[in-house]
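Structural overview
Chain by chain, the residues:
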Amino acid sequence: MAESQIEFRNVSFRYQDDMPWVLNNVSFKIAANEWVAIIGHNGSGKSTIAKLTNGLLIPQEGEIYVDGQKVSAETVWDVRKSVGMVFQNPDNQFVGTTVRDDVAFGMENNGMPRDLMLERIEQSLSAVGMLGYERQEPHRLSGGQKQRVAIASVLAVSPKYIILDEATAMLDPKGRKEIMNTILEVQEQRNLSLVTITHDLLEVTQAERVLVMNEGEVWLEASPREVFEKQEQLQKIGLDTPFVTKLAEELKTAGFSFRREPLNHQELL
Ligand code: ADP
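Residues numbered from 1 in each chain as written. Predicted model: local features only at pLDDT ≥ 70, side-chain atom pairs only at ≥ 80, totals over all residues.

**Comments concerning the sheet that holds strand β4 (residues 61–66)**
Read from one edge to the other, the open sheet built from four strands follows the order β2-β1-β4-β5, with strand pairing classed as antiparallel. Across the chains shown, the open sheet's two edge strands, defined by having one partner strand only, are β2 (23–31) and β5 (69–70). Seen against the sheet, helix α1 (residues 46–53) touches β1 (5–13), β2 and β4 and runs at an angle of roughly 120 degrees to β1. (Pairing = 2+ DSSP bridges. Helix = DSSP H or I, 4+ residues; strand = E, 2+ residues; numbered from the N terminus. Contact = placed C-beta atoms within 7 Å. Axes fitted to C-alpha atoms, helices over the stretch in contact; angles between N-to-C directions.)

**Description of the nonpolar core**
Core analysis: the largest hydrophobic core is formed by 65 residues, its most contacted members being Ile 38, Val 86 and Ala 152. Of all the elements, helix α5 (residues 143–156) adds the most residues to this core, at seven residues. Contact partners of Ile 38, with chain neighbours within four places excluded, come to Lys 46, Ile 49, Val 195, Ile 197, Leu 211 and Met 213. (Core = buried A, V, L, I, M, F, W, Y, C linked by C-beta atoms within 7 Å. Buried ≥ 20, exposed ≤ 12 C-beta atoms within 10 Å, placed from the backbone.)

**Section: the environment of Phe 8**
Looking at the element boundaries, Phe 8 is found in strand β1. Taking C-alpha positions, Phe 8 is 8.4 Å from Thr 53, a pair spaced 45 residues apart along the chain. Setting aside residues no more than four positions away along its own chain, Phe 8 makes contact with Val 26, Ser 27, Phe 28 and Ile 64.

**Section: the packing of helix α4 (residues 114–127) against α5**
Contact geometry for α4 and α5: axes closest at 8 Å, N-to-C directions at 135 degrees. Compared by their axis directions, α4 and α5 come out oblique. Here α4 runs over α5; the crossing is right-handed. Residue-level inspection shows Arg 120, Ile 121, Ser 124, Leu 125 and Ala 127 of α4 in contact with α5, the latter providing Ala 152, Leu 155 and Ala 156. Looking at the contact of α4 with α5 residue by residue, the classes come out as six nonpolar, one polar and one charged. (Parallel < 35°, antiparallel > 145°, perpendicular 65-115°, else oblique. Left-handed = near helix turned anticlockwise from the far one by under 90°. Nonpolar A, V, L, I, M, F, W, Y, C, P; charged D, E, K, R; others polar.)

**Description of the site of the ligand**
Residues in contact with the ligand, as listed here, are Tyr 15, Val 22, Gly 40, Asn 42, Gly 43, Ser 44, Gly 45, Lys 46, Ser 47 and Thr 48. For the shell around the ligand, the leading source of residues is α1, giving three residues. Residues of the shell around the ligand, tallied by class, amount to two nonpolar, seven polar and one charged. (Near = placed C-beta within 6 Å.)

**Description of the packing of α5 against helix α6 (residues 173–190)**
Direction vectors running N to C along α5 and α6 enclose 20 degrees, while the axes themselves pass 10 Å from each other. For the element pair α5 / α6, the angle class is roughly parallel. As α5 packs across α6, the resulting crossing turns out to be right-handed. Contact residues: Gly 143, Gly 144, Gln 147, Arg 148, Ile 151 and Leu 155 in α5; Gly 175, Glu 178, Ile 179, Thr 182, Ile 183 and Val 186 in α6. Classifying every residue of the contact of α5 with α6 gives five nonpolar, five polar and two charged.

**A word on the pairing of strand β6 (residues 83–86)**
Of the two faces of β6, the one carrying Val 83 and Met 85 and the one carrying Gly 84 and Val 86 are both buried. Here β6 pairs with strand β7 (residues 161–165) via four bridges, running parallel. If you follow Val 86 over to β7, its bridge partner there is Leu 164.

**A word on the sheet that holds strand β9 (residues 209–214)**
Reading across from one edge, β6-β7-β8-β3-β9-β10 is the order of the six strands in this open sheet, with mixed pairing throughout. Edge strands, defined here as strands with exactly one partner in the open sheet, are β6 and β10 (217–222). Averaged over all pairs of adjacent strands, the angle between strand axes in this sheet comes to 20 degrees, irrespective of strand direction. Running over the sheet, α1 touches β3 (35–40), β6, β7, β8 (193–197) and β9 and is turned about 150 degrees from β7. Its contacts with the sheet put α5 on β6 and β7, and the angle it makes with β6 is roughly 170 degrees.

Note that every value here comes from positions in space, so none of it alone points to a role or purpose.
Written out as structure tokens, the structure reads:
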């Protein structure tokens, strides 16, 4: 049986033949039901990783596998059933004129029977606390509500993996926390894997593993604790002291209470 995971195998990518490589020989795995945070300075290649994972981009070198299936132009529609993406700006993601149409879109593309589709719309909107908003226009919702609908649209397709590319960046801290809590609840219920590309330190501290990107390479792959311990090296790649100091503060604020018990990085400070 195919292994249940996302795997990047020696992936290199550039946007055009005459442009520099933006990813160089990147390899990593994301297992079922795991939460991995990807951090790194702007331009280090994080979003490119997200887009490669669900076939929005195809690498020139190396391979990407989703549950053992190589991501290619031929498999991209299958891959997108497994890998859902939520971006920073939900306005760019809406395709329907109503919330219901928007959530239905991915399922319609997959040719899902209508009864099942209606059931899924209800389940997904309920999971993100947006039942009752079916007839509303997505663009008229608040920032937090828009992100919830974007997440519902992804959940409706029942993916195994969800990639959140700075998905909470436009929200205030309260909104961010609410959305993350919603996502974590759904993750637990559905055994999803989460990949969060983020500058939010609380998200970093709560993830199980962190990939630190630097200039198109995986610079470090470690637990949040190990990332914290490498502060001097982090400074060298532009994730400097404020990052580390803030990380420590976030841990204190969070009362060192990590999501899963037991976690070996719980006694972090
Ligand atoms: P990050 O998400 O870490 O900020 P990106 O993956 O967005 O990094 O970008 C990596 C590099 O690729 C950057 O140098 C960026 O300028 C470049 N890049 C991103 N998107 C495009 C594009 N559509 N065309 C050309 N270059 C791009």
